[in-house]
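# Structural overview for review
Letter by letter, the chains look like this.
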Amino acid sequence: MVIESLTKVVNGYGLVSGFAIIGATMWLSYWMSAKFTKGRLHGSAIAILIGLVLSYVGGVYTGGQKGLVDVPLLSGIGILGGAMLRDFAIIATGFGVDPKELRRAGISGVLALLIGVFASFAAGAGVAYAFGYTDAVSLTTIGAGAATYIVGPVTGAAIGATSEVIALSIAAGLIKAIVVMVATPFVAPMIGLNSPRSAVIFGGLMGTSSGVAGGLAATDERLVPYGCLTAAFYTALGCLLGPSLMFFLFRGLFG
Amino acid sequence: MIIYGVALLSICTLTGMFIGDMLGKMLGLTSNVGGVGIAMILLIWGGSYLTKRGLLSPKTGQGIEFWNAIYIPIVVAMAAQQNVVGALSGGPAAILAGLAAVSLGFALVPVLDRLGGRSEPLPPKESPKSESQDLNTASLSVSAQR
């Protein structure tokens, strides 16, 4: 009876349960940050890491594709971290940003976007080539996956890649998002990621919205709006260039 | 009223996503072209316009700041639903492709940053006693600096 009622409430009030669970995770993370790292490793970085680890555990446990959300009692986290509230909250971070700062970063942002898309395609295709893929379709698709896990399948489907290669491209994009989330706070001091302009450039170069959002939040949450602003255009640019310019380029190079 | 702020944020979000979707359709893409970015620009300009004219009361601002402050927990919830197992099961080729793209991206940040005029680093953060208060003072001190 107790279990039945509990399940009913937790499932029926999914979003509210999500707030409670994530709130508890945040508290634990900030406590761990202060207690064990003296605040050096930011609480939000620990929280994101816990989220990813739990997502792995959930994925292994359920065999599903959505990490922790596939665990029936925890599906409310899916509403909280879903696309609608995520975009809503990301847009809210723009409030209080100085328009002058934005205009100053404008051209660097566009340049970073273009270079970022090209660099990701080159890096992904380079690794694919080293692993024995030599046809233009596979190289372009895996390169596209190294851009983001959405550009990969969109490009692959458009140019007729095999499902194995498309799966590989999605995995490459997911790895990118995860690594950006986890590594950014550690790398940030080395690459001078501490100003609105460098955040705009960072967002344009990395492009993975979830990675940039998580990585910057764990570095310094004041940088979030600047990075997310440019990252928002990256996937579309990748989807635009992937099956067209990039594919022609690779076909010219590899026949 | 707090709802005015939430409504302003909602209108910016919907307008931005709508324009992004239309742009995507015009370019023949299935994806949304920069909807989030366009919505942010609308909010940044709209917000600063209304603030300058004194039309945005602190209460209205709170309606937006709540979502600003709840942003990190939402990112944590987002992290908890990534397909981590799927990512790792792609094998070394996928892992290396992802890593290579990230490393190249990190390496290019200082290169591009140096191309333009220097940008002031943000002032050091105060110790985060209360999250929302910290965010408020942070955004205030940023705008005061410029």
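Given the structure is predicted, the values throughout are model-derived calculations rather than measurements. Along every chain, residues carry numbers that run from 1 in the direction the sequence is written. The lettering of chains begins at A and the numbering of ligands begins at 1, in the order of writing. Totals for whole chains, interfaces and linings use every residue, but because this is a predicted model, local features are given only for residues with pLDDT of at least 70 and side-chain atom pairs only at 80 or more, for both listing and counting.

So, on to the interface of chain B and chain A. Here the contact rule is simple: place C-beta atoms from the backbone, and any two residues whose C-beta atoms are within 7 Å are in contact. Counting residues at the interface gives 73 residues for chain B, matched by 104 residues for chain A. Strands are runs of DSSP state E lasting at least two residues, helices are runs of H or I lasting at least four, and both sets are numbered from the N terminus onward. Residue assignment for the side of chain B that touches chain A shows that the elements contributing at least two residues are α1 (2–26), α2 (35–52), α3 (58–69), α4 (71–79), α5 (84–89), α6 (91–115) and α7 (131–145) of chain B. The dominant element in the side of chain B that touches chain A, judged by the number of residues it contributes, is α6 of chain B, at 18 residues. Residue polarity follows a fixed list, in which Ala, Val, Leu, Ile, Met, Phe, Trp, Tyr, Cys and Pro are nonpolar, Asp, Glu, Lys and Arg are charged, and the others, Gly among them, are polar. Considered class by class, the residues forming the side of chain B that touches chain A number 47 nonpolar, 21 polar and five charged.

On the secondary structure map, Gln81 of chain B appears in the loop between α4 and α5. Take Gln81 of chain B: there are 26 C-beta atoms within 10 Å of it, and that puts it in the buried class. Setting aside residues no more than four positions away along its own chain, Gln81 of chain B makes contact with Ser55, Lys66, Gly67, Leu68, Val69, Ile77, Gly78 and Gly81 of chain A. Here a residue counts as buried when 20 or more other C-beta atoms fall within 10 Å of its C-beta, as exposed when 12 or fewer do, and as partly exposed in between; the C-beta atoms come from the backbone.

Next up on the list: the packing of helix α5 (residues 83–92) of chain A against α3 of chain B. Here an angle of 0 to 180 degrees is reported between the N-to-C directions of two axes, which are lines fitted to C-alpha atoms, with helices fitted over the stretch in contact. One way to put it is that α5 of chain A packs onto α3 of chain B with a least axis distance of 7 Å and a crossing angle of 115°. The element α5 of chain A and its partner α3 of chain B pack so that their crossing is left-handed. Where α5 of chain A abuts α3 of chain B, its residues Phe88, Ala89 and Ala92 of chain A lie against Ile64, Trp67 and Asn68 of chain B. In terms of residue class, the contact of α5 of chain A with α3 of chain B is built from five nonpolar, one polar and no charged. Less than a right angle of anticlockwise turn of the near helix away from the far helix marks a crossing as left-handed, whereas a clockwise turn marks it as right-handed.

It is worth spelling out the confidence of the model for chain B at this point. All names here are of chain B. Each residue carries a pLDDT score, the predictor's own confidence in it, on a scale running from 0 to 100. Confidence along chain B averages 79 in pLDDT terms, with 80% of residues attaining 70 or more. Across chain B, element-level confidence peaks in α1 with a mean pLDDT of 91 and bottoms out in α7 with 43. Scored below 50 in pLDDT, residues 127–146 makes 23 contacts in the model with residues more than four places away or belonging to other chains. Interface confidence for the predicted complex, given as ipTM, is 0.78, next to a pTM of 0.74.

Moving on to the UniProt feature "transmembrane region" (unreviewed entry) in chain A. UniProt positions are given in the numbering used here, feature names are shortened, and annotations may be inferred rather than shown by experiment. UniProt marks residues 12–31, 43–61, 73–97, 109–131, 137–159, 166–187, 199–219 and 231–254 of chain A with the feature "transmembrane region" (unreviewed entry), using the numbering shown here. Between the end C-alpha atoms of residues 12–31 of chain A there is a gap of 30 Å, over a span that is 95% helix and 0% strand.

By convention the nonpolar core is taken to be a set of buried residues drawn from Ala, Val, Leu, Ile, Met, Phe, Trp, Tyr and Cys and joined through C-beta atoms within 7 Å. In terms of nonpolar packing, the biggest core is built from 126 residues, with Ile91 of chain A together with Tyr71, Val75 and Ala97 of chain B touching the most fellow members. Sort the elements by how many residues they give to this core and helix α12 (residues 224–254) of chain A lands first, with 16 residues. In this structure, Ile91 of chain A is in contact with Leu9, Cys12, Thr13, Val36, Ala39, Met40 and Leu43 of chain B, ignoring residues within four places of it in sequence.

As a further point, take α2 of chain B. Multiply 1.5 Å by the residue count of a helix minus one, and that product is the helix's expected span. In this model α2 of chain B runs 26 Å from its N-terminal to its C-terminal C-alpha over 18 residues, within 8% of the 26 Å that 1.5 Å per residue would give. Inspection of α2 of chain B places Gly35, Val36, Gly37, Ile38, Ala39, Met40, Ile41, Leu42, Leu43, Ile44 and Gly47 of chain B among the buried residues, and these make up the whole buried set. Next to the buried residues of α2 of chain B lie α5, α6 (99–130) and α12 of chain A together with α1 of chain B. Where α2 of chain B ends, the next residue or the one after it, Gly54 of chain B, has phi of about 70°, a positive value.

A separate point is the UniProt feature "transmembrane region" (unreviewed entry) in chain B. Residue and element names in this part refer to chain B. The sites that UniProt annotates as "transmembrane region" (unreviewed entry) are residues 7–27, 33–51, 63–81 and 93–112. With 84% helix and 0% strand, the stretch residues 63–81 has end C-alpha atoms that lie 27 Å from each other. With 100% helix and 0% strand, residues 93–112 has end C-alpha atoms that lie 28 Å from one another.

The subject of this paragraph is the packing of α6 of chain A against helix α7 (residues 136–147) of chain A. The packing of two helices is summarised by the inter-axis angle and the distance between the axes. Residues and elements named next belong to chain A. Running from N to C, α6 and α7 point in directions that differ by 125°, and their axes come no closer than 7 Å. Between α6 and α7, the angle falls in the class oblique. Handedness of the crossing formed by α6 with α7: right-handed. Where α6 abuts α7, its residues Val117, Ser120, Phe121, Ala122, Ala123, Gly124, Ala125, Ala128 and Tyr129 lie against Ser138, Leu139, Ile142, Gly143, Ala144, Gly145, Ala146 and Ala147. When the residues that make up the contact of α6 with α7 are grouped by side-chain class, the tally is 12 nonpolar, five polar and no charged. Between 65 and 115 degrees an angle is taken as roughly perpendicular, under 35 as roughly parallel, over 145 as roughly antiparallel, and anywhere else as oblique.

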